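Inside the fold
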Amino acid sequence: MNGLVLPSTRSAADLSVFDHPDQLPPGALALFAGEGVRDGFYGTAAWYRVVLETALPTGFTGCFVLARLNGRNSALVPLQRDVAGVWQSLTTPYTCLYQPLLAPDLSADGLYRVGLAMARLCRTGVRLDALDADWPGLAPFTAGLRAGGLIPLRFDHFGNWHESVTGLSWADYLATRDGALRQTIRRRTAKAVRDGRIGFELHCHPDTVAVGIVAFETVYASSWKEPEPYPSFNAALMHMAAAQGVLRLGVMRCAGQPIAVQYWVMTGGRASVLKLAHDEAARALSPGTVLTSWMIQRFLDDEGVDELDFGRGDDPYKQGWASQRRGRIGVMLVSLRRWQGLAALARHLAGLCRRWLRERKTKRSPSRKNGGH
């Protein structure tokens, strides 16, 4: 599939399909997000390398669709597909934001032409996940896909809770929290400070990240979390983030044993948590709350971050730490003229039903105050 060229018709963009970022022509690499860009972590070449190596579903292969307009590299659309020709965005259960990677000067008309060409490539349909509901390019891109014969079906995917903290100290931030959470933080952190068994570590650099990863995996195995669908992903991502200098891996220990862990990435003034967990046996110490407060205090007082981002999902505990929500949506684009498109639509509707049933079950279950991703 590498280098396959699809000639354009009429005003559609020219497409070339590559299997890996390393196979792209040199000029196309500039379409990936910059590693220090605030919203760019999930659009970097490094992120996609980790995804390809550790987080592809069985039977799927990654591909990078390069769109050219008037001979210029204009857009890069990371996708995955299986042998049956099912196409979907190159997203994972860990992806918090996805969108096609665009040249800075790409117009809405150009994005329409990219969508038109993508419809020719993904004739049976394509599912795009983790999109920003307010992305300005969504309308022209999906309009092009619609003009190419695909019908867009939009659905809510997940929420992203966040808090603007520009110029705030830890004391300022804490004063804005709900009274019950504020009291819990003060009481539990004071107790942890008095307890000589409690210690904290912050792993940011490649030379110490392995120690932090061992602690992370130890705690995760003792937590309430379900086994990871891609067990090697978190370690690979932490190694990558440490190499780029954006990892913040916090560990809380009691008598030398890790009891709570969480890792964040720091990009463009935004601290984003990707995973957190605590040992159920240590729940009486509120280790999740204590470690989160310790991490946020460092972000505010030592690093001066502008925003705290609590990642993927609407877990109830997040609303204690953040008051703002960004919607992430999905778009299912199907062709009703092909049986594969009808089958994809049926799978999509079945998935929506399963999600509705899970949400009903979750609402009936008690929430965890120290829960996490």
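Note that the coordinates shown come from a computational prediction; the quantities given were computed from them, not determined experimentally. For every chain, the first residue of the written sequence is number 1, and numbering continues from 1 along that sequence. A pLDDT threshold of at least 70 governs which residues receive local features in this predicted model, and a stricter bar of 80 or more applies before side-chain atom pairs are shown or counted, although totals over entire chains, interfaces and linings include all residues. Computation of side-chain values covers all heavy atoms of the structure but excludes hydrogens and water.

**A word on the overall build of the chain**
Applied cut-off: Segments assigned H or I by DSSP are reported as helices when at least four residues long, segments assigned E as strands when at least two residues long, and all are numbered from the N terminus. Classification of residues uses two cut-offs on accessible area relative to the type maximum, computed with a 1.4 Å probe and protein chains only: under 20% is buried, over 50% is exposed, and between them is partly exposed. Contact criterion: two residues are considered in contact whenever any of their non-hydrogen atoms come within 4.5 Å of each other.
If you tally the helices and strands in the chain, you get 10 helices and 14 strands. Taking all 373 residues of the chain together, the buried fraction comes to 53%. For the chain, the proportion of contacts with a sequence separation of at least 24, taken over those separated by at least 6, is 75%.

**A few points about the environment of V331**
Here V331 is to be found in strand 14 (residues 324-334). Using a relative accessible area of 4% as the deciding quantity, one classes V331 as buried. Taking C-alpha positions, V331 is 6.6 Å from D129, a pair spaced 202 residues apart along the chain. For V331, the residues in contact, after removing those within four places along its chain, are V126, R127, L128, L131, L138, T142, P152, L153, R154 and F155.

**Overview of the nonpolar core**
Note that soluble globular proteins tend to have their nonpolar side chains buried in a common cluster. As a reminder, the rule being used: Here, the term nonpolar core denotes a set of buried Ala, Val, Leu, Ile, Met, Phe, Trp, Tyr and Cys residues that are joined through side-chain atoms within 4.5 Å.
Ranked by internal contacts, the top residues of the largest apolar core, which has 82 residues, are L79, M118 and F233. Counting residues in each nonpolar core, the second largest holds 32 residues, with A260, A271, V290 and F310 among its members.

**Considering the environment of L131**
For L131, the location among the structural elements is in strand 7 (residues 125-132). Assessed through its relative accessible area of 1%, L131 is described here as buried. Through-space distance from the C-alpha of L131 to that of Y98 is 5.2 Å; in sequence the pair is 33 residues apart. With sequence-adjacent residues up to four places away left out, L131 is seen in contact with Y98, Q99, L138, G327, R328, I329 and V331.

**Some points on the confidence of the model for the chain**
So the rule is basically this: As a per-residue measure, pLDDT tells how confident the predictor is, with possible values from 0 to 100.
Residues at a pLDDT of 70 or more form 90% of the chain, whose mean pLDDT is 90. Taken together, the stretch residues 5-9 has pLDDT below 50 and engages in 12 contacts with residues farther than four places along the chain or on a different chain. Scored below 50 in pLDDT, residues 366-373 makes 30 contacts in the model with residues more than four places away or belonging to other chains.

**Remarks on the pattern of salt bridges**
Note the following rule: Think of a salt bridge as a Lys or Arg side-chain nitrogen and an Asp or Glu carboxyl oxygen that are within 4 Å of each other.
Under the counting rule described, the total for this entry stands at 14 salt bridges. The shortest N-O distance in the salt bridge between D105 and R72 comes to 2.9 Å. Placement of the pair is D105 in the loop between strand 6 (101-102) and helix 2 (108-121) and R72 in strand 4 (residues 72-82), with a sequence separation of 33 residues. Connected through shared salt-bridge partners, R270, E307, D309 and R326 make up one network.

**Topic: the pairing of strand 7**
Test applied: Should DSSP find at least two bridges between two strands, the strands are taken to pair.
Burial within strand 7 is extensive, with six of its eight residues counted as buried. Where strand 5 (residues 87-89) lies against strand 7, two bridges are found, and the strand directions are parallel. Among the inter-strand pairings, W87 is bridged to a residue of strand 7, identified as V126. The pairing of strand 7 with strand 14 spans six bridges and is classified as antiparallel. Pairing of D132 across the sheet is with R328, part of strand 14.

**Focus on unusual backbone geometry**
Non-glycine residue N70 carries a positive phi angle of around 55 degrees. Tracing the chain through its elements places N70 in the loop between strand 3 (60-69) and strand 4. The exposed category is assigned to N70, whose relative accessible area is 71%. The phi dihedral of A255 falls on the positive side, at around 55 degrees, and the residue is not glycine.

**Re the side chain of K225**
For the record, the criterion: When charges are counted, Lys and Arg contribute as positive and Asp and Glu as negative, whereas His and the chain ends are disregarded. Whenever a nitrogen or oxygen atom comes within 3.5 Å of another N or O atom, the pair is scored as a polar contact, on the condition that within protein one atom can donate a hydrogen and the other can accept it, and that pairs from neighbouring residues in sequence are kept only if both atoms are in side chains.
With respect to the helices, strands and loops of the structure, K225 is situated in the loop between helix 6 (209-221) and helix 7 (233-244). Within the buried core, K225 has no salt-bridge partner, and the shortest N-O distance to an opposite charge, that of E228, equals 6.4 Å. Of note is the side chain of K225, whose polar atom sits 2.7 Å from the backbone oxygen of L276.

**Observations concerning the pairing of strand 3**
Counting buried positions along strand 3 gives eight out of 10 residues, so the element sits mostly inside the fold. In this structure, strand 3 lies alongside strand 4, joined through 10 bridges in antiparallel fashion. Its bridge partner being in strand 4, L66 is matched across the sheet by L76. Count of turn residues in the strand 3/strand 4 antiparallel hairpin: two residues, of which N70 carries a positive phi of about 55 degrees.

**Focus: the packing of helix 1 (residues 45-54) against helix 7**
Short version of the rule: Working convention: axes come from line fits to C-alpha atoms, limited for helices to the stretch in contact. Angles between N-to-C directions cover 0 to 180 degrees. Reported orientations rely on four angle classes, namely roughly parallel under 35 degrees, roughly antiparallel over 145, roughly perpendicular from 65 to 115, and oblique for the rest. Put simply, a crossing is left-handed when the front helix is turned counterclockwise from the back one by less than a right angle, and right-handed when it is turned clockwise. Under the scheme applied here, ten amino acids are nonpolar (Ala, Val, Leu, Ile, Met, Phe, Trp, Tyr, Cys and Pro), four are charged (Asp, Glu, Lys and Arg), and all others, including Gly, are polar.
Relative orientation of the contacting elements helix 1 and helix 7 amounts to 155 degrees, with a least axis distance of 10 Å. One way to sum up the angle between helix 1 and helix 7 is to call them roughly antiparallel. Of the two possible hands of crossing, helix 1 and helix 7 adopt the one that is right-handed. Across the interface between the two elements, A46, W47, V50, V51 and T54 of helix 1 pack against F233, A236, L237, M240 and Q244 of helix 7. Counted by class, the contact of helix 1 with helix 7 contains eight nonpolar, two polar and no charged residues.

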